[in-house]
Amino acid sequence: MELEKLIELDKKHFIHPTSSIQQQQANGPKAIIKKGEGIYLTDKNDNVYIDAMSSLWNVNVGHGREELVEAAAEQMKKLAFSSTFSTFSNEPAILLAEKISSIAPKGLNAVFFTSGGSESNDTAIKLARHYWRIQDKPEKRKIIGLNRAYHGVAAASTSATGIPEFWSMAGKMMVDIYHADNPYGNGTVKAIQSLRSVIESEGPETVAAFIAEPIQGAGGVLIPPKDYFQEVRNLCDDYGILFIADEVITGFGRTGKWFGIENYGVTPDVISFAKGVSSGYIQLGGVIVSDQIHDVLKDKSSGTLFHGYTYSGHPTAAAVGLKNIEILEEEELVENSRAMGEVMLEGFNKLKEDLDIVGDVRAIGLLGAVELVEDPALNKRFSRDLQVAPKVIEALHQRGVICRAVTYEDTDIICFSPPLIINKKQIETMTEKLHDAIKEVRNGLS
Ligand code: PLP
């Protein structure tokens with residue numbers, strides 16, 4: 001269809017997620033993407049972009065993978081869908097549950113499937129409450145998360161999210177959810193003190209679980225100090241609180257390990273996952289629980305577990321997930337993420353040497369960020385009115401790189417999360433374009 005017609009129809013009929021409706025009405029869609037190949041996306045005007053965000057932190061094996069198309073088609077020809085309610089089962093779902101258990105941290109071996117990250121976190125939170133309830137501790141219902149966390153937009157996941165903008169649309173959907181200080185910027189001691197004080201003021205006997213992303217993505221790629229999660233683990237153990245790691249972004253190789261929490265040498269009780277499990281080729285997510293939780297469920301969860309999505313254990317989604325993990329293994333993409341992450345960080349550090357508005361730069365595997373500040377020595381931020389990060393995103397877009405800005409309380413953060421197949425040369429091109437984009441915006445400021 002003609003581009004003009006598509007833009008008109010988009011404005012008329014398509015309500016975009018996490019987007020400004022008024023901006024869409026004024027400007028139309030930012031780009032209409034028609035094709036993906038490797039790390040590249042092409043729009044209707046034949047502009048080619050480096051997909052520096054793996055779309056939404058999820059296309060880990062890159063675009064246009066025939067193997068995944070074939071896995072879906074083969075499965076659909078045999079059995080596109082059948083339900084797994086009432087203990088019906090199917091082979092791909094069984095095999096995927098087994099496969100995920102084999103790559104998950106030791107001691108987490110049972111999987112509940114969902115269609116995405118929000119459902120996964122709602123499931124994790126409901127399971128945590130259920131776990132305590134069936135052990136005669138129904139008062140253990142409260143959930144604690146972190147400021148700046150993003151856990152999704154379903155009822156519990158919206159509430160657990162620590163970015164207040166997400167509560168503005170319809171309110172905080174669930175009561176009994178509290179937030180502690182972020183370790184990024186505050187350091188471990190202060191952040192643990194904050195967590196301890198929330199637990200103690202609420203009463204540990206009323207707290208079911210603590211939920212955190214190993215590295216906060218939407219918050220601005222906020223990497224906690226090395227010792228933070230060990231302290232979290234100790235605190236949770238001392239108070240009898242479950243630790244849920246939200247690995248929706250950090251799972252499946254993003255940080256150079258299968259799961260992000262492995263960078264901290266700590267084992268959570270529950271892992272929620274989505275995105276990289278299927279590299280976005282199909283909607284898929286889930287929750288992995290510890291043997292200890294699974295044993296309690298087996299022993300005490302009598303009657304029906306009244307929680308399930310129509311598409312939990314979807315055979316086609318599972319077949320794609322299995323093939324996706326096979327690709328990650330065969331092409332050693334977790335290792336590539338680690339190695340290329342170092343190249344990306346080197347590139348960011350060079351920017352810091354060259355450009356006087358580059359502040360903190362960071363990366364862990366292929367998850368990284370560059371902060372822009374008025375004065376790096378003093379970490380003095382630009383005024384929000386200047387819109388520095390959005391301008392850099394626009395300058396990058398003009399140069400053929402798609403990535404995301406995070407701006408809050410005068411922070412200007414440019415996030416990077418490229419496909420795990422990216423090579424050294426492609427990273428160099430990406431960071432060169434970033435250099436030019438920042439330079440252009442910087443020159444426009446003075
Ligand atoms: N958790 C984290 C850490 C995320 O980054 C996201 C999405 O970006 C979600 C949960 C929600 O996942 P979904 O958008 O698939 O519902």
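Residues numbered from 1 in each chain as written. Predicted model: local features only at pLDDT ≥ 70, side-chain atom pairs only at ≥ 80, totals over all residues.

Bringing the overall build of the protein chain into the picture now. Per the secondary structure count, the protein chain includes 15 helices and 15 strands. At 22 Å, the protein chain has a C-alpha radius of gyration in line with the 22 Å of a compact globule built from 446 residues. Here the protein chain, with 446 residues, has 49% of them falling under the buried criterion. Taking the intrachain contacts of the protein chain between residues at least 6 apart in sequence as the baseline, contacts between residues at least 24 apart amount to 71%. (Helix = DSSP H or I, 4+ residues; strand = E, 2+ residues; numbered from the N terminus. Rg over C-alpha atoms; globule rule 2.2 N^0.38 Å. Buried ≥ 20, exposed ≤ 12 C-beta atoms within 10 Å, placed from the backbone. Contact = placed C-beta atoms within 7 Å.)

The next thing to look at is the domain arrangement of the protein chain. Segmenting the protein chain into domains produces domain 1 (31–61 + 332–445) and domain 2 (66–330). Taken together, the contacts link 24 residues of domain 1 with 23 residues of domain 2. Broken down by secondary-structure element, the contributors of at least two residues to the side of domain 1 that touches domain 2 are α3 (54–57), α13 (333–354), β11 (358–364), β12 (367–372) and β15 (413–416). Tallying contributions element by element places α13 first for the side of domain 1 that touches domain 2, with five residues. Split into classes, the residues belonging to the side of domain 1 that touches domain 2 amount to 13 nonpolar, nine polar and two charged. (Domains from an automatic or database assignment. Nonpolar A, V, L, I, M, F, W, Y, C, P; charged D, E, K, R; others polar.)

In this section: the packing of helix α4 (residues 66–79) against helix α12 (residues 315–330). The N-to-C vectors of α4 and α12 enclose an angle of 150 degrees; their axes lie 8 Å apart at closest approach. Our classification of the angle between α4 and α12 gives roughly antiparallel. Crossing hand, α4 versus α12: right-handed. Listed contacts from α12 to Glu 67, Leu 68, Ala 71, Ala 72, Gln 75, Met 76 and Leu 79 of α4 are Pro 315, Thr 316, Ala 319, Val 320, Lys 323, Asn 324 and Ile 327. By residue class, the composition of the contact of α4 with α12 is nine nonpolar, three polar and two charged. (Axes fitted to C-alpha atoms, helices over the stretch in contact; angles between N-to-C directions. Parallel < 35°, antiparallel > 145°, perpendicular 65-115°, else oblique. Left-handed = near helix turned anticlockwise from the far one by under 90°.)

Its 14 residues give α4 an end-to-end C-alpha distance of 20 Å, which sits within 8% of 20 Å, the value for a rise of 1.5 Å per residue. Taken as a whole, α4 has its buried residues at Leu 68, Ala 71 and Gln 75. Across the axial projection of α4, the buried residues extend over an arc of 60 degrees, all falling on one side. α4 presents Glu 66, Ala 73, Glu 74 and Lys 77 as exposed residues on the side facing more than 90 degrees away from its buried surface. Its buried side turned inward, α4 meets α5 (91–103) and α12. (Expected span 1.5 Å × (residues − 1). Arc of directions from axis to C-beta.)

Time to look at the sheet that holds β12. Sheet architecture is open: four strands sit in the order β11-β12-β15-β14, paired in antiparallel fashion. The open sheet terminates on both sides in strands that have one partner only, identified here as β11 and β14 (404–406). Mean inter-strand twist for the sheet, computed between neighbouring axes without regard to direction, equals 20 degrees. Alignment of β12 against β15, held across four bridges, turns out to be antiparallel. The residue bridging Gly 368 from the neighbouring strand is Phe 416, located in β15. (Pairing = 2+ DSSP bridges.)

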